[in-house]
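Structure at a glance
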Amino acid sequence: MEKKVAEMLNEQINKEFYSAYLYLDIANFYSTKGLDGFAGWFEIQAKEERDHALLFYKYLHNNDECVTLQSISKPEQLFDDDLSAPLKASLEHEKYVTGLINAIYAAALKADDFRTVQFLDWFVKEQGEEEKNSLDLITKMQLFGSDTKGLYMLNSELAGRTYTAPSLVI
Ligand SMILES: [Fe+2]
């Protein structure tokens, strides 16, 4: 594997773990607000991000590449009392991650590394879903979150989310 591509994949392990950490912090925020459904939704989101990190980890090992784990940054977002702020931060974060995936994809294509391109195809699709989910949540919050009954219903809906392992098997 080309050195640059391997380095970017290794770096992505850290980015995915940071995503998990960020979403756990958002779950933490909603938990303190008494919104257990929102908290549970983001706890599952954190698990998915951990799964993503492990996929990059496993992919590098499967291709006989070294993995070097780096320290994970502290989530710095402070949301005060704005219940919508974490949702907007999530969307922005997902757009940022989409950019990272696209950059690795471009580097792999440039290196004629079609195996990595194929591996990343799943992530390209996943990022589309992540951005849509984030945007849908913002829209629902705008529509229903401004009164207590609506917020209660939305919290109940989000509580119904269940964890499923990623469909990508490598
Ligand atoms: Fe991810």
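Preceding this section is the structure that the text describes.
In this report, the structure presented in the accompanying data block is examined.

What counts, and at which threshold
For every chain, the first residue of its written sequence is number 1, and the numbers climb from 1 along that sequence. Given that this is a predicted model, residues contribute local features only at a pLDDT of at least 70 and side-chain atom pairs are listed and counted only at 80 or more, while totals for whole chains, interfaces and linings are drawn from all residues. Water and hydrogen atoms play no part in the side-chain values, which are based on all heavy atoms of the structure. We count a stretch as a helix when DSSP gives it H or I for four or more residues in a row; a strand needs E for two or more, and each element gets its number in order from the N terminus. What a helix should span is 1.5 Å times the count of its residues minus one. Burial classes: relative accessible area under 20% of the type maximum marks a residue as buried, over 50% as exposed, and values in between as partly exposed (1.4 Å probe, protein chains only). Along the arc lie the directions from the helix axis toward the C-beta atoms. Here a polar contact is recorded for every N or O atom pair within 3.5 Å, except that within protein the pair must consist of a potential hydrogen donor and a potential acceptor, and residues adjacent in sequence are included only if both atoms are side-chain atoms. For patches, a residue must show more than 30% relative accessible area and have no salt bridge; joins then use 9 Å for like charges and 5 Å for nonpolar side chains, namely Val, Leu, Ile, Met, Phe, Trp and Tyr. To be clear on the numbers: accessible area is Shrake-Rupley with a 1.4 Å probe, and residue cover counts the displayed protein chains and nothing else. For salt bridges, the criterion is a side-chain nitrogen of Lys or Arg within 4 Å of an Asp or Glu carboxyl oxygen. Metal coordination here is assigned from N, O and S atoms located within 2.8 Å of the ion, or within 3.2 Å for Na, K and Ca; omission of water means that sites may look incomplete. Using protein atoms alone on a 1 Å grid, points that fit a 1.4 Å probe yet trap it form a cavity, whereas open point sets bounded by protein on both sides within 12 Å along at least five of seven lines form a pocket; residues with an atom within 4 Å of a point count as lining. Grid points are joined across faces, edges and corners, and a volume is the space filled by probe spheres set on the points. The residue classification treats Ala, Val, Leu, Ile, Met, Phe, Trp, Tyr, Cys and Pro as nonpolar and Asp, Glu, Lys and Arg as charged. All others, Gly included, are polar. Two rings belonging to Phe, Tyr or Trp (six-membered ring only in the last case) form a pair when the distance between their centres is within 6.5 Å. Interplanar angles under 30 degrees mark stacking, angles over 60 mark edge-to-face geometry, and anything in between is tilted. Lysine and arginine charges are scored as sitting over a ring when NZ or CZ, respectively, is within 6 Å of the ring centre and within 35 degrees of the ring normal.

Describing helix H1 (residues 3-32)
For H1, built from 30 residues, the straight-helix expectation of 44 Å at 1.5 Å per residue is met to within 8% by its first-to-last C-alpha distance of 44 Å. Backbone geometry just after H1 places Gly 34 at a positive phi near 80 degrees.

Here's the deal with helix H5 (residues 148-159)
Quick reminder: α-helices carry 3.6 residues per turn. Residues three or four places apart thus point the same way. The first and last C-alpha atoms of H5 sit 16 Å apart over twelve residues, in line with the 16 Å expected at 1.5 Å per residue. Where H5 is concerned, the buried positions are Gly 150, Leu 151, Leu 154, Asn 155 and Leu 158. Viewed end-on, H5 has its buried residues packed into an arc of 135 degrees, placing them on one side of the element. In H5, the exposed positions that point more than 90 degrees away from the buried face belong to Lys 149, Tyr 152 and Met 153. The N-terminus of H5 is capped by Asp 147, whose side-chain oxygen sits 3.0 Å from the backbone nitrogen of Lys 149.

Concerning a nonpolar patch on the surface
Together, Tyr 21, Leu 24 and Ile 72 give the surface a local cluster of nonpolar side chains, amounting to about 280 Å² of exposed area. Within the secondary structure, Leu 24 is located in helix H1. Looking at Leu 24, the relative accessible area reads 44%, which means it is partly exposed.

Some details on the coordination of the iron ion
Around the iron ion, the protein contributes the donor atoms Glu 16 (OE), Glu 49 (OE) and His 52 (ND1), which lie 2.1 to 2.2 Å from the metal centre. Donor residues for the iron ion sit on one chain with the sequence pattern E-x32-E-x2-H. Here Glu 16 is found in helix H1, whereas its partner Glu 49 is found in helix H2 (residues 36-62), with 33 residues between them in sequence. You can call Glu 49 buried: its relative accessible area is 2%.

Focus on the layout of surface pockets
Its volume calculated, the largest pocket comes out at about 310 Å³. Secondary-structure elements contributing two or more residues to the lining of the largest pocket are H2 and helix H4 (114-144). The element contributing the most residues to the lining of the largest pocket is H4, with six residues. Of the residues assigned to the lining of the largest pocket, the class counts are four nonpolar, five polar and seven charged.

Quick word on the packing of aromatic side chains
Enumeration according to the criterion identifies eleven aromatic pairs in this entry. Taken together through their ring pairs, the aromatic side chains of Tyr 23, Phe 29, Tyr 30, Phe 38, Trp 41, Phe 42 and Phe 79 make up a single cluster. One cation-aromatic arrangement involves Lys 47 over Tyr 163; the distance from NZ or CZ to the ring centre is 5.5 Å. Above the ring of Trp 41, the side-chain terminus of Arg 161 is found at 4.2 Å from the ring centroid.

Focus on empty space enclosed by the protein
Applying the stated criterion across every chain yields a total of one cavity of 30 Å³ or more. Its volume calculated, the largest cavity comes out at about 30 Å³. Around the largest cavity, the lining residues are Tyr 23, Trp 41, Phe 42, Gln 45, Ser 90, Glu 130, Asn 133 and Ser 134. Of all elements in the fold, only H2 and H4 reach the threshold of two or more residues within the lining of the largest cavity. Tallied by class, the residues present in the lining of the largest cavity amount to three nonpolar, four polar and one charged.

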